[in-house]
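Tertiary structure, described
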Amino acid sequence: MDLGLLYSGGKDSTLAALLLEDFYDVTLVTATFGVADAWDHARRTAEELGFEFETVELNDDVAAEAVEQMVEDGYPRNGIQQVHLHALETAAGMGFDAVADGSRRDDRVPSVSRAQAQSLEDRHGIDYIVPLAGFGRGAVDSLVDETLDVTTGPSEEIPKADYEAELRDLLADEHGEEAVAEVFPDHTQTYVTSLSR
């Protein structure tokens, strides 16, 4: 069965791909608004790991709405959630038998409720799978330490293809660099470079 996994090139989505590959023909899918070439980081990691890779264009209106939501809220959570749900909808329409993401048990964002998952499955005739749903941060970090070579650093400096990079760029274009600092808290991100040898 074919599965499309929303993929950023980070540790969570990479670990999810490794957990699923024995059961599905996994294609790593990076969603983009076409603002930057951040998707290329995910493509390189996908090639290094031996997975099929595709990009999918998201609707610009969703990006604009997400940016305005983040400015209104003063934090990124709801805007990123909007984009994630849109990305899942888009991936579900790509002809896969199943779609998945790298959400963990204790993630606040992105998250998909049971009702949202069932609606996605029913409307698109696919399965929605969350392979890390039972894993907390500590368990994920332990598995990643044993399995992957990872670069970790400040979110604005780590080259990965999640929604945040493009949303930061759009926010800066619309509201200035100071708005980015006001909306996005300091946090670290990861970028997978290879499997541990």
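First, a word on scope: everything that follows refers to the structure included in this document. (Residues numbered from 1 in each chain as written. Predicted model: local features only at pLDDT ≥ 70, side-chain atom pairs only at ≥ 80, totals over all residues. Heavy atoms only, no water.)

1. Observations regarding the packing of aromatic side chains
One pass over the full model with this rule turns up zero aromatic pairs. Over the ring of Phe 184 we find Arg 168; its NZ or CZ atom is 4.6 Å from the centre of that ring. (Phe/Tyr/Trp six-rings, centres within 6.5 Å; stacked < 30°, edge-to-face > 60°. Lys NZ or Arg CZ within 6 Å of the ring centre and 35° of its normal.)

2. Regarding the sheet that holds strand S4 (residues 98-100)
Taken together, five strands build an open sheet; the order of strands is S3-S2-S1-S4-S5 and the sheet is parallel. Every other strand in the sheet has two partners, leaving strand S3 (52-57) and strand S5 (127-129) as the edge strands with one partner each. Along the sheet, successive strands turn relative to each other by an average axial angle of 30°, direction set aside. Bridging between strand S2 (residues 25-32) and S3 involves six bridges; their strand directions are parallel. Of the residues in S3, the one forming a bridge with Leu 28 is Phe 53. (Pairing = 2+ DSSP bridges. Helix = DSSP H or I, 4+ residues; strand = E, 2+ residues; numbered from the N terminus. Axes fitted to C-alpha atoms, helices over the stretch in contact; angles between N-to-C directions.)

3. Looking at the side chain of Thr 27
Examined against the element boundaries, Thr 27 turns out to sit in strand S2. The residues contacting Thr 27, other than those within four sequence positions of it, are Leu 3, Gly 4, Leu 5, Glu 52, Phe 53, Glu 54 and Phe 96. (Contact = heavy atoms within 4.5 Å.)

4. Quick look at unusual backbone geometry
Following Val 109, the chain continues into Pro 110 via a peptide bond in cis, with omega recorded as -5°. With respect to the helices and strands, the residue Pro 110 is situated in the loop between S4 and helix H5 (114-124).

5. A short note on the environment of Arg 43
When you line up the elements, Arg 43 lands in helix H2 (residues 39-49). Exposure remark for Arg 43: the relative accessible area of 22% places this residue in the partly exposed category. Linking Arg 43 and Arg 168, residues 125 residues apart in sequence, is a C-alpha distance of 21 Å. A polar atom in the side chain of Arg 43 sits 2.6 Å from the side chain of Asp 40. (Buried < 20%, exposed > 50% of the residue type's maximum accessible area, 1.4 Å probe, protein only. Polar contact = N/O pair within 3.5 Å; in protein donor to acceptor, adjacent residues only side chain to side chain.)

6. Examining the side chain of Arg 104
Relative to the helices and strands, Arg 104 resides in the loop between S4 and H5. Accessibility expressed as a relative area gives 15% for Arg 104, which makes it buried. In terms of polar contacts, Arg 104 uses its side chain to reach the side chain of Asp 12, at 3.3 Å. Contacts of Arg 104, omitting those with residues within four sequence positions, involve Lys 11, Asp 12, Leu 132, Ala 133, Phe 135, Arg 137 and Val 140.

The analysis is restricted to geometry; functional conclusions fall outside its scope.
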